[in-house]
Amino acid sequence: MTEPISTISREQALALCSRPEDQFFDRKSKDANGRTAQKIVVAFGNTEGGEVAFGIKDDADEPDPQKRMDPFVDPEAANAVLQAIFQINPALTFRYSFVRVEGEAGYLLRVFVDKGQHVYATADGTVYKRLGASSVPVRDPNEINRIAFAKGAVSFENVKLEGRVPEDVVETAEAIYLTQAIPEGPDSLAFALNEGLVDRNDWTPLVAGALLLNPSPQGMITTRCECRVVFYDTRSDKPEREHLKLNETVGGSLYRQIHAVVKRVTEILTGISILTPEGIKKVDYPPEAIWEIVTNAIIHRDYSIADDVQIVIFQNRIEVISPGSLPAFVNLKNILDVRYSRNPKIVRTLRRYPNPPNQDLGEGLNTAYQKMQDRRLRPPSIEALNNYLKVTIAHAPLASPEEAVIEFMLTNDTITNRQARELTGIKSENQMKEVLYRLRDQNVIYLDPDLRGNKATWRRK
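Novice: I'm lost on the overall build of the chain in this one. Help?
Specialist: Tallying secondary structure elements over the chain gives 15 helices and 18 strands in all. If one aligns the C-alpha atoms of the chain with their principal axes, the spans along those axes are about 75 × 70 × 40 Å. The 461 residues of the chain split such that 49% are buried. Here the analysis covers contacts within the chain between residues at least 6 apart in sequence; of these, 64% occur between residues at least 24 apart. Looking at the chain as shown, the accessible area adds up to about 22100 Å², and 48% of this sits on carbon and sulfur atoms.

Novice: What am I meant to see in the nonpolar core here?
Specialist: A general trend in soluble globular proteins is that nonpolar side chains are found buried together. Among the nonpolar cores identified, the biggest contains 69 residues, and Val 265, Leu 269, Ile 311, Ile 313, Ile 318 and Ile 346 are the most heavily contacted of them. By residue number, the principal contributor to this core is helix 9 (residues 254-269), which donates eight residues. Those residues in contact with Val 265, other than ones at most four positions away along the chain, are Val 229, Ile 290, Ile 311, Ile 313 and Ile 318. Formed by 25 residues, the second largest nonpolar core is a distinct cluster that contains Ala 32, Ala 43, Leu 82 and Val 111.

Novice: What is the right way to read the side chain of Asp 199 from this model?
Specialist: With respect to the helices, strands and loops of the structure, Asp 199 is situated in the loop between helix 7 (188-194) and helix 8 (207-213). In this structure Asp 199 is buried but unpaired, with Lys 160 as the nearest side chain of opposite charge at 4.3 Å. Within polar-contact distance, the side chain of Asp 199 engages the backbone nitrogen of Asn 201 at 2.9 Å. Not counting residues up to four positions away in its chain, the partners in contact with Asp 199 are Lys 160, Leu 193, Thr 204 and Leu 206.

Novice: What should I look at first to understand the side chain of Gln 38 in this one?
Specialist: Positionally, Gln 38 belongs in helix 2 (residues 34-46). Its relative accessible area of 5% is what places Gln 38 among the buried residues. What Gln 38 contacts, discounting residues up to four positions off in sequence, is Ala 84, Gln 87, Ile 88, Thr 122 and Ala 123.

Novice: Looking at this structure, I do not really get the packing of helix 2 against helix 3 (residues 79-86). What am I missing?
Specialist: A pair of packed helices is characterised by two quantities: the angle between their axes and the separation of those axes. Put simply, helix 2 and helix 3 touch, their axes get as near as 8 Å, and they point 50° apart. Regarding the angle of helix 2 to helix 3, the classification is oblique. Between helix 2 and helix 3 lies a crossing of right-handed hand. On helix 3, the residues that touch Gly 34, Ala 37, Gln 38 and Val 41 of helix 2 are Val 81, Ala 84 and Ile 85. Grouping the constituent residues of the contact of helix 2 with helix 3 by class yields five nonpolar, two polar and no charged.

Novice: Where do I start with the pairing of strand 13 (residues 317-323) in this structure?
Specialist: Two faces, one strand: in a regular strand the side chains alternate between the faces of the sheet. Where burial is concerned, most of strand 13 is hidden: seven out of the seven residues are buried. Residues Arg 317, Glu 319, Ile 321 and Pro 323 line one face of strand 13 and the alternating positions Ile 318, Val 320 and Ser 322 line the opposite face, and both faces are buried. As paired elements, strand 12 (residues 309-313) and strand 13 share four bridges and run antiparallel to each other. If you follow Ile 313 over to strand 13, its bridge partner there is Ile 318. Remark: three residues form the turn of the hairpin made by strand 12 and strand 13, two consecutive strands paired antiparallel.

Novice: Help me understand the sheet that holds strand 17 (residues 445-447) in this model?
Specialist: Strand-to-strand pairing in sheets goes through backbone hydrogen bonds, with the strands running parallel or antiparallel. Pairing is antiparallel across the open sheet formed by three strands, whose spatial order is 16-18-17. Only two strands of the sheet have a single neighbouring strand rather than two, namely strand 16 (414-415) and strand 17.

Novice: Help me understand the packing of aromatic side chains, please; the structure alone is not making it clear to me.
Specialist: Each aromatic ring pair is characterised by the separation of its centres together with the angle its planes make. A complete count under the given rule lists 10 aromatic pairs for this structure. Both rings, one in Tyr 232 and one in Phe 314, keep their centres 5.6 Å apart while their planes meet at 20°; by these two values the pair is stacked. Taken together, the positions of Tyr 232 in strand 8 (residues 227-232) and Phe 314 in the loop between strand 12 and strand 13 put the pair 82 residues apart, joining distant regions of the chain. Through successive ring pairs, a cluster of aromatic residues spans Phe 86, Phe 94, Tyr 96 and Phe 98. Residue placement shows Arg 256 over the ring face of Tyr 177; its charged tip is 4.5 Å from the ring centre.

Novice: For this particular structure, what's the right way to read helix 6 (residues 173-181)?
Specialist: The α-helix winds at 3.6 residues per turn, so residues separated by three or four positions along the chain end up facing the same way. Among all positions of helix 6, only Glu 174, Ala 175, Leu 178 and Thr 179 are buried. Each buried residue of helix 6 lies within a common arc of 120° when the element is viewed along its axis, so the set occupies one face. Looking at helix 6, the residues exposed on the side facing more than 90 degrees away from the buried face are Ala 173 and Gln 180.

Novice: Whenever I open this one, the sheet that holds strand 13 confuses me. Can you help?
Specialist: Pairing within the open sheet is mixed, and its six strands lie in the order 9-8-12-13-15-14. Of all strands in the sheet, those with a lone pairing partner are strand 9 (244-250) and strand 14 (381-385), marking the two edges. The sheet shows a mean angle of 15° between the axes of neighbouring strands, direction not considered. Note that strand 13 and strand 15 (residues 388-394) share seven bridges and pair antiparallel. By the bridge assignment, Val 320 is partnered in strand 15 with Val 391. Lying over the sheet, helix 9 contacts strand 8, strand 9, strand 12 and strand 13, oriented at roughly 5° with respect to strand 8.

Conventions we followed
- Residues numbered from 1 in each chain as written.
- Predicted model: local features only at pLDDT ≥ 70, side-chain atom pairs only at ≥ 80, totals over all residues.
- Heavy atoms only, no water.
- Helix = DSSP H or I, 4+ residues; strand = E, 2+ residues; numbered from the N terminus.
- Buried < 20%, exposed > 50% of the residue type's maximum accessible area, 1.4 Å probe, protein only.
- Contact = heavy atoms within 4.5 Å.
- Areas by Shrake-Rupley, 256 points an atom, 1.4 Å probe, with all protein chains shown as cover.
- Core = buried A, V, L, I, M, F, W, Y, C linked by side-chain atoms within 4.5 Å.
- Lys, Arg positive; Asp, Glu negative; His and termini not counted.
- Salt bridge = Lys/Arg side-chain N within 4 Å of Asp/Glu carboxyl O.
- Polar contact = N/O pair within 3.5 Å; in protein donor to acceptor, adjacent residues only side chain to side chain.
- Axes fitted to C-alpha atoms, helices over the stretch in contact; angles between N-to-C directions.
- Parallel < 35°, antiparallel > 145°, perpendicular 65-115°, else oblique.
- Left-handed = near helix turned anticlockwise from the far one by under 90°.
- Nonpolar A, V, L, I, M, F, W, Y, C, P; charged D, E, K, R; others polar.
- Pairing = 2+ DSSP bridges.
- Phe/Tyr/Trp six-rings, centres within 6.5 Å; stacked < 30°, edge-to-face > 60°.
- Lys NZ or Arg CZ within 6 Å of the ring centre and 35° of its normal.
- Arc of directions from axis to C-beta.

This is the structure in structure tokens:
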């Protein structure tokens, strides 16, 4: 999709010429050929997207940013570059615009590439990925498969489990329980075939069938598919060994695993108390938020990665870490608005259970956000960590730090910096001091003159 021609100032052009090339930005001379253009945009499409500015020389061709401008004479002169990008199959999702610079002749071409759903290759069949400021070829078939699994272009749930027999998934208690619960009461073998859990050609079970219907799928598939539940009795971001109080592994078919993990997490939380404006109380997370985030981690993870989902519980937060990057066009900005399932068979089959764990299909994270807000707690935070996704549920008030301290002081005569940090979720002692100083300046609290240093205490006015 093209955008109207715009004009930028000389200062803006110089900033573009000076911008460092990195994971998300590249620039090339107007003389770049179609193969070079394809290589860069394919690499962006196979990773996290990015921008290419054509008509600006790169560092290797011109070290002086002041001399890097190398514009096209007119938009038609860039046809070869655009044609090469349009020829990529499957088609990339991208936008482009021509830019003029004040007082300068010619045009720059800016191409913005989105992270794509597919694995892309240049016309000669080479797959590229972005690594720092370079577009590097990927020739190892296993690495190409990893990219496909990460994007969701190919799902590991469809991998055949060679050497296994259909009875491993169709003659199990789980398969019988599920099919008997379905109103039309299908035969378990017919159900597995129709839902794509067993290959129709040679009756080999697929990964999805093992995960859903075998009582111990971790013994059938080549990667890992369980959940680790860990409890650190601390609020620290870097817990020590002595803080580790529990480290358990929960397995089983996915339906049973989801229920068992949520039950275990709930049991652990009943033993944790924190400071609130009303005093010391048991932590009180919305059960729906825990349920939805755990369920999402288990059903949408990348099962090609040899690691388990981790639920790490601290005194003041829960961190749910699932293997796999965000698939296809999903990113941290649109994750609450778009829908894309890496494991559609798993999602679809779990929906057939009575009281399915993914009842609100496609609304899991939205539900978690809403329930946290209803409880006046901060919304979950989501981070992309290399090949993992981390969702953190913090037991921190939605109110501002000042509001939280004031509410606490309505029923308490004093507060310390440490109590205030525990109350608000602020980690830095100095940052908390700034909050307390602001309340002091507003004539709400004052520092007890008799208690200084490590015993410093603030009193209500």
